[in-house]
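What follows is the residue order along each chain.
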Amino acid sequence: MENMIQNRLERLKNCKPAILPSLLQCDFGDLRGEVQHLREAGVEVLHLDVMDGQFVPNLTYGMPIVAGLKKHTDMFLDAHLMIQEPAAYVDAFADAGADMITFHIEAVGGPLQAIEVLKQIRGRGLVAGLALNPKTALHDLDQAIPYADGVLVMSVPAGFGGQPFDPVAVDKLRLLRKSHPELLLQVDGGINADTIGDCHAAGCDLFVVGSAIFGIDDYSAAVRRLRAALQASSSTL
Ligand code: DX5
Ligand code: ZN
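Residues numbered from 1 in each chain as written. Chains lettered and ligands numbered in written order. Predicted model: local features only at pLDDT ≥ 70, side-chain atom pairs only at ≥ 80, totals over all residues. Heavy atoms only, no water.

Remarks on the site of ligand 1
Looking at ligand 1, there are 21 residues lining it, with Ser22, Asp49, Gly159, Asp188 and Ser211 nearest. The separation between an oxygen atom of ligand 1 and a polar side-chain atom of His80 is 3.4 Å. In the environment of ligand 1, an oxygen atom lies 2.8 Å from a nitrogen or oxygen atom belonging to the backbone of Gly210. Its free accessible area being 380 Å², ligand 1 has 99% of it covered by the protein chains. Contributing elements (two or more residues each) for the shell around ligand 1: strand S2 (45–51), strand S3 (76–82) and strand S8 (206–209). (Near = heavy atom within 4 Å. Polar contact = N/O pair within 3.5 Å; in protein donor to acceptor, adjacent residues only side chain to side chain. Areas by Shrake-Rupley, 256 points an atom, 1.4 Å probe, with all protein chains shown as cover. Helix = DSSP H or I, 4+ residues; strand = E, 2+ residues; numbered from the N terminus.)

Given below as structure tokens:
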């Protein structure tokens, strides 16, 4: 099991800093075509936003989309569960083909419950991530972080694409990077060519992007622009 986790972690670490398109605003009528375009743009990891209409007011999709994607691509599948009771669905998402599962600290009772879910995810050989909303304090994660492979810092309240970036995420990323040099850090919400650089400079590895890719016809051009902004920010470190 530990080997499977290490292989998956290696894959992620080898492509960082990485742009992770969020499949929320894509054309779900042509999912195969969307994946093909993203592949051509050099994308290696897909971010899958799963919402249940309970933990967040929005409702998206679940395991069948993950299983469908798995059949058509060998890209790394990162499932961001914005759902109540993530523990009840870990096995189903693992069976569907997710490589990484991230759930919200706010959706479980507290750090002790979070630790159990992280163990459950790793017990399936998957990379385990813990997410927190902009209003949640970093110290709420303290006890659970040693059991996580990564932390997803939300730069918008979970639920919808197209919201403005909240810079509180940059401070959290910087603090996390300082205290946990090995932790995979991911940021999600309002990431574009103007906001990605500060997150990168703060130590973030994985950048989830919705509108700044799917709002533009040419995905390759969108990804190139984001990568250029990443490079520009690393050179000022
Ligand atoms: C928000 C989702 C994000 C979202 C990002 O709840 O987790 O992944 O799709 O979209 P943008 O980049 O438009 O903020
Ligand atoms: Zn997301």
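Here we look at the nonpolar core
Counting residues in hydrophobic clusters, the biggest one holds 68 residues, and the most contacted among them are Leu23, Leu46, Val151, Cys199 and Ile213. Take this core: its biggest share by element is 6 residues, from helix H9 (residues 219–234). Not counting the four nearest positions on each side in its chain, Leu23 is found in contact with Phe28, Leu31, Leu38, Leu46, His47, Leu48, Asp49, Tyr61, Leu69 and Phe214. Grouped together as the second largest cluster of nonpolar side chains are 13 residues, Ile5, Leu9, Leu206 and Val208 included. (Core = buried A, V, L, I, M, F, W, Y, C linked by side-chain atoms within 4.5 Å. Buried < 20%, exposed > 50% of the residue type's maximum accessible area, 1.4 Å probe, protein only. Contact = heavy atoms within 4.5 Å.)

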